[in-house]
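Fold and contact review
Residue-level listing of the chains:
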Amino acid sequence: MKTIIEPFKIKSVEPIYFTTKEERIDILKNAFYNPFLIRSNDVLIDLLTDSGTSAMSSNQWAGIMRGDESYAGSPSFFRFEETIQQITGMPLVIPTHQGRASEKILFSILGGKEKYFVSNTLFDTTRANIEFSGAEGVDFICEEGKLPSIPAPFKGNMDTDSLIKFIATKGAENIPLCIITVTNNSGGGQPVSMANIKAVKKICTENNIPLFIDACRFAENSYFIKLREDGYADKPVNEIAKELFSYADGCTMSAKKDAFANIGGFLAMHDEALALQCRNLLVITEGFPTYGGLAGRDLEAIAIGLMEVMDEHYLQYRIRSIEYLTNKLIAEGVPVMQPAGGHAVYIDAKAFLDHIPVEQYPGQALVGALYLEGGIRSVEIGSLMFGKYGEDGKLIPGQMELVRLAIPRRVYTQSHIDYVAEVIIEVFQNRKSIKGLKIIEEAPMLRHFTAKLQPVE
Ligand SMILES: *Cc1c(COP(=O)(O)O)cnc(C)c1O
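Residues numbered from 1 in each chain as written. Predicted model: local features only at pLDDT ≥ 70, side-chain atom pairs only at ≥ 80, totals over all residues. Heavy atoms only, no water.

**Let's talk about the site of the ligand**
- Close to the ligand lie 15 residues, the nearest being Arg100, Asp214, Arg217, Ser254 and Lys257.
- Asn185 has a polar side-chain atom sitting 2.9 Å from an oxygen atom of the ligand.
- Side-chain polar atom of Asp214 to a nitrogen atom of the ligand: 2.6 Å apart, as the coordinates give it.
- For the shell around the ligand, the element with the highest residue contribution is helix H4 (residues 99–110), accounting for three residues.
- By residue class, the composition of the shell around the ligand is two nonpolar, seven polar and six charged. (Near = heavy atom within 4 Å. Polar contact = N/O pair within 3.5 Å; in protein donor to acceptor, adjacent residues only side chain to side chain. Helix = DSSP H or I, 4+ residues; strand = E, 2+ residues; numbered from the N terminus. Nonpolar A, V, L, I, M, F, W, Y, C, P; charged D, E, K, R; others polar.)

Here is the structure:
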């Protein structure tokens with residue numbers, strides 16, 4: 001097979017910024033070892049997130065010009081609405097300024113004390129919005145999803161046996177919603193199979209629990225289904241996506257992921273009564289229902305991006321580029337989550353830095369080392385992000401200690417990715433010199449965004 005090439009040519013370029021290692025030592029210290037506190041002009045290759053960092057296409061930019069900024073009833077909204085109706089089969093479409101705004105609205109209505117939201121794995125903002133409402137979020141990831149180094153085709157699947165048991169224990173009436181995250185961002189960008197979605201839907205239906213999809217990466221997940229699940233090899237991705245959504249009662253989406261947009265999101269659903277409640281809140285927090293916190297131009301960019309993302313040349317290149325980096329690291333013995341996920345490479349920091357205890361945040365320590373060595377910005381997905389404190393004040397660690405290198409869509413070329421591999425491998429060879437970190441300041445929620453840390457002496 002020939003090289004899978006970037007399925008685009010470049011019309012407009014942005015500079016990237018070079019720094020020296022000496023400069024980066026100071027920058028990292030001044031940012032308190034937190035990548036979120038580093039200025040992006042001090043970053044060479046920015047793999048902090050794939051969220052809102054996509055390169056838009058010339059068609060999307062044309063859509064930006066076409067955007068109609070009428071307060072109510074803009075044609076841009078109707079194009080947005082129609083596109084989402086077509087993809088999801090859901091008639092009620094509510095625009096929001098980004099994914100978490102959809103979550104905030106949804107969980108303000110459905111959440112509250114003594115309620116449980118069940119999921120394969122809730123993303124951090126989703127969990128935070130659930131907890132902020134007073135409810136609790138509970139993850140039931142399949143066994144293979146807990147083992148970073150063992151490959152399996154659908155490691156994002158939900159553990160249906162545990163789900164059934166949980167429903168029996170807590171009572172279906174206390175579970176307002178089941179949420180399947182596709183692909184499973186916090187669990188390594190791993191896909192969920194159609195069979196699993198169907199099985200979860202059956203359990204939900206039997207217990208009268210609605211099923212929502214956290215659809216941020218629906219196209220990547222659909223492409224994995226095409227590649228890996230029996231019976232889907234010859235189906236076009238748009239049909240696979242449509243089937244995936246057909247099992248759900250609704251969805252939340254961040255258009256900053258699989259819609260190639262720099263901002264935006266939406267809620268879509270079938271339930272008229274719920275949609276009415278959502279729109280009532282929307283007007284207070286986001287805006288009128290035909291723009292929901294977005295400009296008309298954003299609605300256009302999202303509508304166009306949602307169709308572009310299902311192009312199979314794009315998806316082949318997208319999935320392959322993550323696999324390409326993953327395989328380069330595996331070849332050198334770097335412990336990474338296997339198989340490659342859809343949007344990011346996940347390094348198993350616990351194995352990479354096995355001399356650093358979890359209480360000293362090995363993931364965050366590795367994030368710092370990658371920045372120092374090569375100006376690469378990544379993010380910890382481990383105990384800094386998910387850790388809690390027990391009543392004794394001791395850290396209750398997250399399930400895994402991962403470092404995520406999220407690849408922005410259509411932004412970097414193969415040589416950028418080769419450079420990233422070289423830096424990681426070099427850091428791996430010198431890993432014993434890396435020190436753990438301790439927190440010196442933190443916020444009560446989503447602490448990883450603002451926490452300040454320093455090296456442990
Ligand atoms: C990014 C993301 C969200 C939140 O979306 P924002 O647009 O960042 O608010 C929710 N769920 C998943 C799985 C995500 O990746």
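From this point, things continue past the structure.
**Observations regarding the packing of helix H6 (residues 160–170) against helix H7 (residues 194–206)**
- Orientation of H6 relative to H7, taken along the N-to-C sense of each, is 15°, at an axis distance of 11 Å. The orientation of H6 with respect to H7, classified from their angle, is roughly parallel. The crossing of H6 and H7 is right-handed. Counting all contacts with H6, which are made through Thr160, Leu163, Ile164 and Ile167, the residues of H7 involved are Asn196, Ala199, Val200 and Ile203.
- Residues that form the contact of H6 with H7 fall into these classes: six nonpolar, two polar and no charged. (Axes fitted to C-alpha atoms, helices over the stretch in contact; angles between N-to-C directions. Parallel < 35°, antiparallel > 145°, perpendicular 65-115°, else oblique. Left-handed = near helix turned anticlockwise from the far one by under 90°. Contact = heavy atoms within 4.5 Å.)

**Points about the domain arrangement of the protein**
- On domain assignment, one finds that the protein holds domain 1 (21–50 + 311–455) and domain 2 (58–308).
- Between the C-alpha centres of domain 1 and domain 2 the distance comes to 26 Å.
- Facing the 32 residues of domain 1 at the interface are 38 residues of domain 2.
- Buried surface at the junction of domain 1 and domain 2, summed over both partners, amounts to about 2,900 Å²; 58% is from carbon and sulfur atoms.
- At the junction of domain 1 with domain 2, the criterion picks out seven salt bridges.
- Linking Arg217 and Asp50 is a salt bridge whose minimum nitrogen-to-oxygen distance equals 2.9 Å.
- Across the contact surface, domain 1 and domain 2 share 21 residue pairs in polar contact (both at pLDDT 80 or more).
- Sorting the residues of the side of domain 1 that touches domain 2 by element identifies helix H12 (312–331), strand E9 (344–348), helix H15 (383–386) and strand E14 (402–406) as the ones contributing at least two each.
- Here the residues of the side of domain 1 that touches domain 2 sort into 16 nonpolar, seven polar and nine charged. (Domains from an automatic or database assignment. Buried area = accessible area lost by both parts, 1.4 Å probe. Salt bridge = Lys/Arg side-chain N within 4 Å of Asp/Glu carboxyl O.)

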